[in-house]
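If you want the building blocks of each chain, they are given just below.
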Amino acid sequence: MAEHLHADTVVIGGGTAGAAVAARLVQGTSQKVLLIESGPDYGAFAEQCWPTQLLDARSLPGGHDWGYVNGANTGRPGHPLERARVIGGCSSHNGCAAIWGSRVDYDHWAALGNAGWSADELLPFFKLANETLRVKRISSSEITPWQQACLETAPKIGIPEVTDLNNLDEDIGMSTSPVNILDGVRWNTAFAYLDSVRGNDCLTIQSQIQVDRLQLEGNRVIAIEATGPDGPLTVKADRVVVCAGTYGSPAILLRSGIGPDSELRALGIETKLDLAVGRNLHDHPAVYLKFSGTPQLVTAMKDFAAKGGILFSEQTIAKFRSKYCTSAYDLHLFPVGGQFMDAADDWEFLLPVANMIPLSRGSVQLMSADPFAALKIDTAYLSDPEGRDLAILWNGIELVRDYARQAPLAELIGEEISPTVNYRTAEAVRRDNLHYYHPVGTCKMGPESDLTAVVDARGKVHGVDNLYVADASIMPVVPRANTNIPTLVVGERISAWLTQA
């Protein structure tokens, strides 16, 4: 027999935004809040039950992944689209870059008809997110020789060293990255937000629960159908906040009959609301230029580690302009380098470059009504008709290759090697680019008059009185930033409104 539960508010997804939404509702209201997470919940940090690889901030961990795969005709065929399936979500396995973006990003959101989302209105939430997630700037003593050379070389191609990458009005510069790392630990949103409210009678966390669909009656959600370790589960809810991410949130809505009518009917799903769910998918397309590294560089890295230095793979970011840029900046350079954690003496040095203002738009679609079936994810990288996305990325590659020829980096970096050394035309890049881990947009925020919008400016799904989405999927346009902090700001912004409701 199916188990039945009830909560005033159910938050689906305990990831970067969902953990914050659940915690803020518990702190700001007297409601009973149920947080449903599809992956494991390893408890509070102090309980010391978390897997080491999820705590170690030196590099991206494997495992705890949804197994999403790119099904697009552009980009590297079949490459993984890593998304975390664990409490804390992607904040539990990402590179910990706590970047905000540009003022023009958020002012653009507001200009699209989303009141409350301008840069000035969001600034308090950015500061709150940074404080709660214990964001700090990497100090000069923590910089590896590789990252130091990258930093010192940037001015040679017109990228000045700056003190604050999160100055929303500073368009060009390179610096050490602000990070959510505490004593070498990846400080995720489960630690930052949930640990302080664990044990509160108003909060229940249910992990290892796969949500199937929402039951709608008229213009309200009345229940959630899910599957847990003990079988089917029905949850009655007065209000539902979906925080399952850019791939997971649209999948839940689609299985519930909220989405493009023709797609739903083809799968035998009754259409409850014909909305553009799953459309508008986009990410920052990137190319990861790979270099051999010299013996001198490897020796310097080993000496750094022998003296107590930690070999973090990511420590610096540069924001700069292609020759096509007309506003703020349109490129990121984010050097990656260090020893593989699972190999004795295997080193990798990358100079990845990403287009931060992509025009191309893809989609997330169901291939089956089965909640355990794979999704059809078309990232559509570099597919815009005028070819601007490719032109910007190719110019970024040219600029980064010039950067690699400048001192002091040139004396340490070695030769560009396979596969990227073979990228000699823009078309080669079209066939073999990757993601920058920043998918957004599949439950787009906008006024009801915008036929591509799924939710309003407060995250409420158009046409449903008690259903909200609060994660990166509602971003109408991806910001010029790593989306860790902007996604958390979405959770903070919408939960502030929900606590007033």
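Cut-offs used in this document
Residues numbered from 1 in each chain as written. Predicted model: local features only at pLDDT ≥ 70, side-chain atom pairs only at ≥ 80, totals over all residues. Heavy atoms only, no water. Helix = DSSP H or I, 4+ residues; strand = E, 2+ residues; numbered from the N terminus. Rg over C-alpha atoms; globule rule 2.2 N^0.38 Å. Buried < 20%, exposed > 50% of the residue type's maximum accessible area, 1.4 Å probe, protein only. Contact = heavy atoms within 4.5 Å. Areas by Shrake-Rupley, 256 points an atom, 1.4 Å probe, with all protein chains shown as cover. Salt bridge = Lys/Arg side-chain N within 4 Å of Asp/Glu carboxyl O. pLDDT = per-residue confidence, 0-100. Core = buried A, V, L, I, M, F, W, Y, C linked by side-chain atoms within 4.5 Å. Lys, Arg positive; Asp, Glu negative; His and termini not counted. Polar contact = N/O pair within 3.5 Å; in protein donor to acceptor, adjacent residues only side chain to side chain. Axes fitted to C-alpha atoms, helices over the stretch in contact; angles between N-to-C directions. Nonpolar A, V, L, I, M, F, W, Y, C, P; charged D, E, K, R; others polar. Phe/Tyr/Trp six-rings, centres within 6.5 Å; stacked < 30°, edge-to-face > 60°. Lys NZ or Arg CZ within 6 Å of the ring centre and 35° of its normal. Pairing = 2+ DSSP bridges.

Visitor: So what exactly am I meant to see when it comes to the overall build of the protein chain here?
Guide: Tallying secondary structure elements over the protein chain gives 13 helices and 19 strands in all. A compact globule built from 501 residues should have a C-alpha radius of gyration of about 23 Å, and the protein chain, at 22 Å, falls within 12% of that. Taken over the C-alpha atoms alone, the protein chain extends approximately 65 × 50 × 40 Å along its principal axes. Looking at the protein chain residue by residue over its 501 residues, the buried ones come to 59%. Taking contacts inside the protein chain between residues at least 6 apart in sequence as the whole, the part at least 24 apart equals 73%. A total of about 18700 Å² of accessible surface is found on the protein chain, and carbon and sulfur atoms cover 50% of it.

Visitor: Teacher, can you tell me more about the pattern of salt bridges here?
Guide: When charged atoms on two side chains of opposite charge get close, those side chains can pair. Per the stated rule, a full pass over the model turns up 20 salt bridges. Bridged by salt links that share partners, the residues D41, D195 and R198 form one connected network.

Visitor: Any chance you could explain the confidence of the model for the protein chain here in plain terms?
Guide: Residues shown with low pLDDT carry predicted positions that ought not to be read at fine detail. Per-residue confidence for the protein chain averages 96 on the pLDDT scale, and 98% of its residues sit at or above 70. Within the protein chain, no element has a lower average pLDDT than strand β1 (residues 3-12), which sits at 89, and none a higher one than strand β19 (residues 467-469), at 99.

Visitor: How do you make sense of the nonpolar core when you look at a structure like this?
Guide: Across soluble globular proteins, nonpolar side chains show a tendency to be buried alongside one another. Grouped together as the largest cluster of nonpolar side chains are 141 residues, with contacts concentrated most on W117, L194, L214, L351 and L467. For L214, the contacting residues outside a window of four places in its chain are I12, V221, A223, I224, V240, I252, L253, S256 and L467. Among the nonpolar cores identified, the runner-up in size contains 15 residues, and V162, Y288, L434 and A481 belong to it.

Visitor: Hey, could you run me through the side chain of D471 in this one?
Guide: With respect to the helices and strands, the residue D471 is situated in the loop between β19 and α13 (484-500). Nearest to the buried, unbridged D471 among oppositely charged side chains is R83, at 9.6 Å. A distance of 3.2 Å separates a polar side-chain atom of D471 from the backbone nitrogen of A244. Within the structure, D471 has its side chain in polar contact with the backbone nitrogen of G245 (distance 2.8 Å).

Visitor: What's the story with the packing of helix α3 (residues 103-111) against helix α4 (residues 119-132) in this structure? I'm lost.
Guide: The angle between the axes and the distance between the axes are what describe a pair of packed helices. Across the interface, α3 lies against α4 with an axial gap of 9 Å and an inter-helix angle of 120°. On the side of α3, the interface is formed by R103, Y106 and D107, while α4 contributes A119, D120, L122 and F126. In terms of residue class, the contact of α3 with α4 is made up of 4 nonpolar, no polar and 3 charged.

Visitor: How do you make sense of the side chain of T316 when you look at a structure like this?
Guide: Tracing the backbone shows T316 in strand β13 (residues 316-320). Residue T316 is classed as buried on the basis of its relative accessible area, which comes to 2%. A polar side-chain atom of T316 sits 2.6 Å from a polar atom in the side chain of Q147. Ignoring sequence-local partners within four residues, the contact set of T316 consists of Q147, L151, M174, S175, T176, S177, L333, F334 and P335.

Visitor: Any chance you could explain the packing of aromatic side chains here in plain terms?
Guide: Each aromatic ring pair is specified by the distance between its two centres and by the angle formed by the two planes. Under the definition given, this model contains 16 aromatic pairs. Ring-pair connections join several aromatic residues into one group, and the members of that group are W100, Y106, W109, W117, F126 and W497. Here R85 stacks its cationic end above the ring of W66, 3.8 Å away from the centre of that ring. The residue whose ring lies beneath R493 is W497, and the NZ or CZ to ring-centre distance is 3.7 Å.

Visitor: Hey, could you run me through unusual backbone geometry in this one?
Guide: Glycine aside, residues mostly have negative phi angles, and peptide bonds mostly take the trans form. For the bond running from A407 to P408, omega is 0°, close enough to zero to count as cis. With respect to the helices, strands and loops of the structure, P408 is situated in the loop between α10 (388-404) and α11 (410-413). Cis peptide bonds are those with omega within 30 degrees of zero, and the linkage from S418 to P419 qualifies with 5°. Among the structural elements, P419 can be located in the loop between α11 and α12 (426-431). One non-glycine residue with positive phi stands out, namely N280, at about 65°. When you line up the elements, N280 lands in the loop between α8 (261-266) and β12 (286-291).

Visitor: Hey, could you run me through the pairing of strand β16 (residues 347-355) in this one?
Guide: Within a regular strand, side chains alternate between the sheet's two faces. The buried fraction of β16 is high, at 8 of 9 residues. The pairing of β12 with β16 spans 6 bridges and is classified as antiparallel. Bridging from a neighbouring strand, K290 pairs with L350 of β16. Both strand β15 (residues 336-339) and β16 contribute to a ladder of 4 bridges, which runs antiparallel. Across the sheet, residue G338 finds its bridge partner in β16, namely E348.

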